[in-house]
Every structure is written in C-alpha cells, then in structure tokens.
Amino acid sequence: MVNKYVQTARLSALGQTNGGILYLLPDILLKIFTLIPLIFLWRAVMSSGAEAGMTLEQMVAYTYISALLSDMLVVQTAASGWLSEGVLLRLYNRPLSVLGQLAAQTAGGWTPMLLLFSLPMALLAPLFGVSLVPASPAFFLSLSLCISLGFAVDFLFACLSIKLRNMNWLVGRIRLAIALLLSGTLIPIRLLPFGLAEIMKYQPFASLGGAPLSIFTGTADIGGTLLLQAGWNLLLWPAALLIWKQSQEGMVSYGG
C-alpha cells in the first residue's frame, strides 16, 4: 500500500517535467529574481540598527529558508480544483484513499523544484552570507507539524470550494491572503505592529510557515510553538476529515 503512494508521488514528480526541465526555468528564475532582491532589501532596511527583535542575520535566514521551502510551508493541493479540473473525479476511480493520493501527489510535485531551485540555492547560500544551520533541531519536528497542518488546512479550503462550487476563484484569493499575511512566511509575525504579533501568533495559520521559520532562526519559544502546532493539528485534522466526508455528498449531488 505504501508503495502505491510512493508511485503516485513519483508520477506526480515526473509530470512536472513532462515538457522538459527547461519548462520549469521561468518559475525558477522568478523565484531567484524575487529572493535575491529581498535579501538586499532587508540588508538595506536593517542596516540602520532598527532590528525589531530580529538581527539582520536572522531576518535574512528567515527570508532565504522561506523561499527554499515555500511549497512546504503553506501546502496547496489540487483539491480546490475539483470542479474546474476534475481532479477528484480521477482520484475516486483509483482503489486508494483520495486524501492519501492528494498528499502523495502534492509531495511528489515538490520534488523538481526542490532539486532544481532549493538545492542549488542552498549550496549558494554562503555567497549571500546566509547560514542554513538551524538554531535548534526542533526545526525539523516543527516543519513536519507545519506540513501536516498545511494539508488539514488545505482540505478545509477544498471543502469550502466544494460548498461554493463555481466560486473557486474566491477560495484562491482567500488562500493567497492567508499565505501572505497570516502564516508569517513573508513577514515574520513578531514584526507586526500595534501589538498584533502577540494576538496573531495564536491563530492556526501562524502554526504554518512562520512557526518552523521562527524556530530555525532562534526567535521562537520552542516549547510553546511546538505545543501550538500540535494542538492545531489535533483540532483541525478531525474537523477536516469530518467536513470532507460531508462535502463528498455535495460533489455527488452537484454532479448528478
């Protein structure tokens, strides 16, 4: 059974390069041309010494790791395209768990960009003065909890997409807003003004990308962060599975 999911992930990875590796070149260049200016921007902004609780080295490492692991920090499966792309209909025709297939398919889809962008940029990190040594090994546990929670959150958004049916575009915009503002992957939550940082760190989306990034840079309370991530996993996974089961009836009735 495990081998079947591995093969699903493998096929998904190969599917990303069906047009050849050059097909991914525009996405790779876009990531590079976004990351490098951000590094220099933070160096310019923080050179005055106003570091707001983070050193320049921490901020640069935070931004760099966020770019390298972007797909994992805020998970996005193909489930929200159930209507426009017919993704789920194909998965239901296979003798495997639909959610398991989505997870394997998504993880496999990360592989080409990890190999062609993240790995080379990780090797080049010293040239930009970035240390990729985590402040604590707890980073890897936090990243695992982040990915797990990311799938639960994505499945909940997929259920919302099923509920709204022809308004997938709205779900996509909501996801984008969350990824940019609430998860802390672009701007660390601890840098939010007006006391928002203390409030926002307890919401579930802060347990996505911002949590492992903060642990990586040594700016988080490790115990409290891991506890929040584990708690949100325990709360949202049962909710995601229950709502997903109920949403399947909506897909059947709509298709009928």
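Conventions and cut-offs
- As a convention, each chain's residues are numbered from 1 in the sequence order in which they are written.
- Per-residue local features of the predicted model are confined to residues with pLDDT of at least 70, and side-chain atom pairs are confined, for both listing and counting, to 80 or more; whole-chain, interface and lining totals are unaffected and use all residues.
- As a convention, hydrogens and water are excluded, and side-chain values are obtained from all of the structure's heavy atoms.
- Each nonpolar core is a collection of buried residues, namely Ala, Val, Leu, Ile, Met, Phe, Trp, Tyr and Cys, held together in the definition by side-chain atoms within 4.5 Å.
- Remark: exposure states derive from per-residue accessible area (1.4 Å probe, protein chains only) relative to the maximum for the residue type, with buried under 20%, exposed over 50%, and partly exposed in between.
- What counts as a helix is a DSSP run of H or I of at least four residues, what counts as a strand is a run of E of at least two, and both are numbered from the N terminus.
- Here, residues are in contact when the closest pair of their heavy atoms is within 4.5 Å.
- Angles shown run from 0 to 180 degrees and are taken between the N-to-C directions of axes, each axis being a line fitted to C-alpha atoms and, for helices, limited to the stretch in contact.
- Under this scheme an angle from 65 to 115 degrees is roughly perpendicular, one under 35 degrees roughly parallel, and one over 145 degrees roughly antiparallel; angles in between are oblique.
- Each residue gets one label: Ala, Val, Leu, Ile, Met, Phe, Trp, Tyr, Cys and Pro are nonpolar, Asp, Glu, Lys and Arg are charged, and the others, such as Gly, are polar.
- Crossings are sorted by hand: turned counterclockwise from the far helix by less than a right angle, the near helix makes the crossing left-handed, and turned clockwise it makes it right-handed.
- For this document, the term salt bridge refers to a Lys or Arg side-chain nitrogen within 4 Å of an Asp or Glu carboxyl oxygen.
- Cavity means a closed set of points on a 1 Å grid over the protein atoms alone, one where a 1.4 Å probe fits but cannot get out, pocket means an open set with protein on both sides within 12 Å along at least 5 of 7 lines, and lining means a residue has an atom within 4 Å of a point.
- Grid points are joined across faces, edges and corners, and a volume is the space filled by probe spheres set on the points.
- Any helix carries an expected span of 1.5 Å times its number of residues minus one.
- Without a salt bridge and with relative accessible area above 30%, a residue can belong to a patch; like charges are then joined within 9 Å and nonpolar side chains (Val, Leu, Ile, Met, Phe, Trp, Tyr) within 5 Å.
- Per-residue and other accessible areas were derived by the Shrake-Rupley procedure at a 1.4 Å probe size, with only the shown protein chains allowed to occlude residues.
- pLDDT is a per-residue confidence score from the predictor, ranging from 0 to 100.

It is worth spelling out the nonpolar core at this point. Residues Leu35, Tyr64, Leu69, Leu102 and Phe117 are the most contacted members of the largest nonpolar core, which totals 57 residues. Those elements that provide at least two residues to this core are helix H2 (25-46), helix H3 (56-68), helix H4 (70-73), helix H6 (98-124), helix H7 (138-164), helix H8 (168-182), helix H10 (210-217) and helix H11 (222-255). Counting residues per element, this core draws most heavily on H7, at 14 residues. Contact partners of Tyr64, with chain neighbours within four places excluded, come to Leu35, Ile39, Met121, Leu124, Ala125, Phe128, Val130 and Leu132.

This next bit is on the packing of H7 against H10. At a minimum axis distance of 8 Å, the contact between H7 and H10 shows a crossing angle of 175°. Between H7 and H10, the angle is such that the two are roughly antiparallel. Only Ala211, Pro212, Ile215 and Phe216 of H10 make contact with H7, whose side of the interface consists of Ala138, Phe139, Ser142, Leu143 and Cys146. Here the contact of H7 with H10 is built from residues that sort into eight nonpolar, one polar and no charged.

Below, the discussion takes up the packing of H6 against H7. One can describe the packing of H6 onto H7 by two numbers: an axis separation of 12 Å at closest approach and a directional angle of 120°. As far as their axial angle goes, H7 and H6 are oblique. Crossing geometry of H6 relative to H7 is assigned as right-handed. Here Leu99, Leu102, Ala103, Thr106 and Trp110 of H6 lie close against H7, whose contacting residues are Ile147, Phe151 and Phe155.

Next up on the list: the pattern of salt bridges. Two side chains with opposite charge may pair up if their charged atoms get near one another. Taken as a whole and judged by the stated rule, the model has one salt bridge. The salt bridge involving Glu198 is made with Lys201; its shortest N-O contact spans 3.3 Å.

Take empty space enclosed by the protein next. Evaluation of the coordinates by the stated rule reveals one cavity of 30 Å³ or more. In this structure, the largest cavity spans a volume of roughly 70 Å³. Every residue along the wall of the largest cavity is listed here: Lys31, Ala67, Leu68, Leu69, Ser70, Asp71, Met72, Trp110, Met113, Leu114, Phe117 and Ser118. Among the elements of the structure, H3, H4 and H6 are those that each provide at least two residues to the lining of the largest cavity. Of the residues assigned to the lining of the largest cavity, the class counts are eight nonpolar, two polar and two charged.

All right, on to H7 then. Here H7 spans 39 Å end to end across 27 residues, near enough to the 39 Å set by a 1.5 Å rise per residue. Counting buried positions along H7 yields 19 of 27 residues, so the element is predominantly enclosed.

Moving on, we come to a nonpolar patch on the surface. Judged by side-chain polarity, Leu176, Leu180, Leu181, Leu186 and Ile187 come together as a nonpolar surface patch covering roughly 450 Å² of accessible area. Relative to the assigned elements, Leu180 resides in helix H8.

Turning our eyes to something else, we now look at the confidence of the model for the chain. Mean pLDDT over the chain stands at 85; residues scoring 70 or higher make up 88%. Across the chain, element-level confidence peaks in H10 with a mean pLDDT of 94 and bottoms out in helix H5 (residues 87-92) with 70.

Below, the discussion takes up the side chain of Thr106. Its place among the elements puts Thr106 in helix H6. Contacts of Thr106, omitting those with residues within four sequence positions, involve Val75, Gln76, Thr77 and Phe151.

Estimates place the volume of the largest pocket at around 1300 Å³. Lys31, Ser70, Asp71, Val74 and Gln76 are, among the 44 residues lining the largest pocket, the residues nearest its centre. Contributions of two or more residues to the lining of the largest pocket are made by H2, H3, H4, H5, H6, H7 and H8. Top element by residues in the lining of the largest pocket is H6. It accounts for seven residues. Classifying every residue of the lining of the largest pocket by side-chain character gives 22 nonpolar, 15 polar and seven charged. In this structure, the second largest pocket occupies an estimated 380 Å³ of space. Taken together, 20 residues form the lining of the second largest pocket, with Lys201, Ser214, Ala220, Asp221 and Thr225 sitting closest to its centre. Top element by residues in the lining of the second largest pocket is H11. It accounts for four residues. Grouping the constituent residues of the lining of the second largest pocket by class yields eight nonpolar, eight polar and four charged.

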